[in-house]
Structures are given as C-alpha cells and as structure tokens.
Amino acid sequence: MKASFFIALLAFVSSSAQADAAAAQKAEVCAACHGADFNTPISEDIPRLAGQYPDYLARAMADYKSGGRKNALMSGQAEGLSAQDIEELAAYIGALPGTLKVLPLHRFIR
Ligand code: HEC
C-alpha cells in the first residue's frame, strides 16, 4: 500500500520534471532575445519575462498568435505555438526568478 503510494508519487515527480525539461527546451529559441535567464533581454525594447504572472504570459502569446496583438518579432514566434506549448512556456518562464514587481498606485496617481 505504502510502496504503491511512493511509486505513484515518484512517477508524478518525474513526469513533472520531464515537462520542465520539455518547456526549457522550447524556451531556448525565446532566450535568444529575452535572455538565457529571461531577465536580461538583448535589447531594451524587449521585455523581461522571468517571474511574470503565467496567465499574463499565456494571454500575450495567445494574442500574438491570434493577431489580437501584433509585433513584427513576436507574431512570427507565437504563430507555431500550440495551446500546450503556450501553457508550458508560461508556467516555465513565470516560475523563473525575476525582478518584475507591482508598484504601488500612488507612484502613478497623485
Ligand atoms: C527575435 C526576438 C524575440 C524572440 C526570439 C522572442 N521574442 Fe518575445 N518579445 C520580443 C519583443 C520585441 C517583444 C515586445 C513586443 C511588443 O511590444 O508587443 C516580445 C514580447 C513578448 C511577450 C509579451 C511580454 C509583455 O510584457 O507583454 C511574451 C509573453 C513573449 N515575448 C514571449 C516569448 C516566447 C515564449 C518566445 C519563444 C517562443 C519569444 N517571446 C521569442 C522579441 C522576441
């Protein structure tokens, strides 16, 4: 009984490690612009993505793919992504340590 629980747990842990590895591989092409750590983009007009909310990342990718959001560089990148690619990439990139933060509203509205 106990052994089967641990076998199931092990299978779960190793399948999520495999999903991580697959996402990391898919993210390699993105890292060319967004930076290997997704926090050091190659130019200042490319956003930092590490630690961004995964649902925000997924929405942005879906919008580039559908044409709802257009950008000469990103539209082509998102074109070939499946829904599963988008989900995995968003989870992977969102879980990376980043420096993005939400500033208090009083910094903008006085
Ligand atoms: C050729 C360079 C390049 C590559 C490769 C690239 N991106 Fe981007 N990415 C950009 C640029 C430039 C922007 C800003 C576009 C804009 O203003 O809408 C951007 C924006 C984004 C955004 C929106 C960020 C925000 O804050 O709204 C996401 C999400 C994103 N990229 C994910 C990816 C993913 C995932 C990949 C790999 C599949 C990837 N990018 C590959 C250049 C690139």
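Reference entry: report on the structure contained in this document. Bear in mind that the values here come from a model prediction, so they are computed numbers and not experimental data. (Residues numbered from 1 in each chain as written. Predicted model: local features only at pLDDT ≥ 70, side-chain atom pairs only at ≥ 80, totals over all residues. Heavy atoms only, no water.)

Some words on the overall build of the protein
Here is step 1 of the chain: A tally of regular secondary structure across the protein gives 4 helices and 0 strands.
Here is step 2 of the chain: Across the protein, helices and strands are ordered from the amino to the carboxyl terminus as α-α-α-α.
Here is step 3 of the chain: In the protein, buried positions account for 24% of the 110 residues.
Here is step 4 of the chain: In the protein, once contacts between residues fewer than 6 apart in sequence are set aside, the share between residues at least 24 apart is 57%.
Here is step 5 of the chain: When the accessible surface of the protein is summed, it comes to about 8100 Å², and 62% of that surface belongs to carbon and sulfur atoms. (Helix = DSSP H or I, 4+ residues; strand = E, 2+ residues; numbered from the N terminus. Buried < 20%, exposed > 50% of the residue type's maximum accessible area, 1.4 Å probe, protein only. Contact = heavy atoms within 4.5 Å. Areas by Shrake-Rupley, 256 points an atom, 1.4 Å probe, with all protein chains shown as cover.)

Some words on a nonpolar patch on the surface
Here is step 1 of the chain: Together, Leu103, Leu105, Phe108 and Ile109 make up a nonpolar patch on the protein surface, roughly 430 Å² of accessible area in all.
Here is step 2 of the chain: As for its placement among the helices and strands, Leu105 is situated in the segment after α4 (83–94). (Patch = residues over 30% accessible without salt bridge, like charges linked within 9 Å, V, L, I, M, F, W, Y side chains within 5 Å. Salt bridge = Lys/Arg side-chain N within 4 Å of Asp/Glu carboxyl O.)

Some thoughts on the site of the ligand
Here is step 1 of the chain: Near the ligand, the surroundings consist of 18 residues, among which Cys30, Cys33, His34, Tyr56 and Met74 are the closest.
Here is step 2 of the chain: Within the side chain of Tyr64, one N or O atom sits 2.7 Å away from an oxygen atom of the ligand.
Here is step 3 of the chain: When contributions to the shell around the ligand are tallied by element, the ones reaching two or more residues are α1 (2–34), α2 (54–66) and α3 (74–79).
Here is step 4 of the chain: A total of 5 residues in the shell around the ligand trace back to one element, the largest contributor, which is α2.
Here is step 5 of the chain: A class-by-class count of the residues in the shell around the ligand yields 13 nonpolar, 3 polar and 2 charged. (Near = heavy atom within 4 Å. Polar contact = N/O pair within 3.5 Å; in protein donor to acceptor, adjacent residues only side chain to side chain. Nonpolar A, V, L, I, M, F, W, Y, C, P; charged D, E, K, R; others polar.)

A short note on the side chain of Gln52
Here is step 1 of the chain: Within the fold, Gln52 resides in the loop between α1 and α2.
Here is step 2 of the chain: Not counting the four nearest positions on each side in its chain, Gln52 is found in contact with Leu57, Gly94 and Leu100.

Re the coordination of the iron atom of the ligand
Here is step 1 of the chain: Taken together, His34 (NE2) and Met74 (SD) make up the full set of protein donors to the iron atom of the ligand, lying 2.0 to 2.2 Å away.
Here is step 2 of the chain: Taken together, the 6 donor atoms surrounding the iron atom of the ligand define angles of 84 to 180 degrees at the centre, an arrangement classified as octahedral. Of the two residues, His34 is situated in helix α1 and Met74 in helix α3; the sequence distance between them amounts to 40 residues.
Here is step 3 of the chain: For His34, a relative accessible area of 8% corresponds to the buried category. (Donors = N, O, S within 2.8 Å, 3.2 Å for Na, K, Ca; no water. Tetrahedral: all angles 85-135°; square planar, octahedral: opposite > 155°, others 65-115°.)

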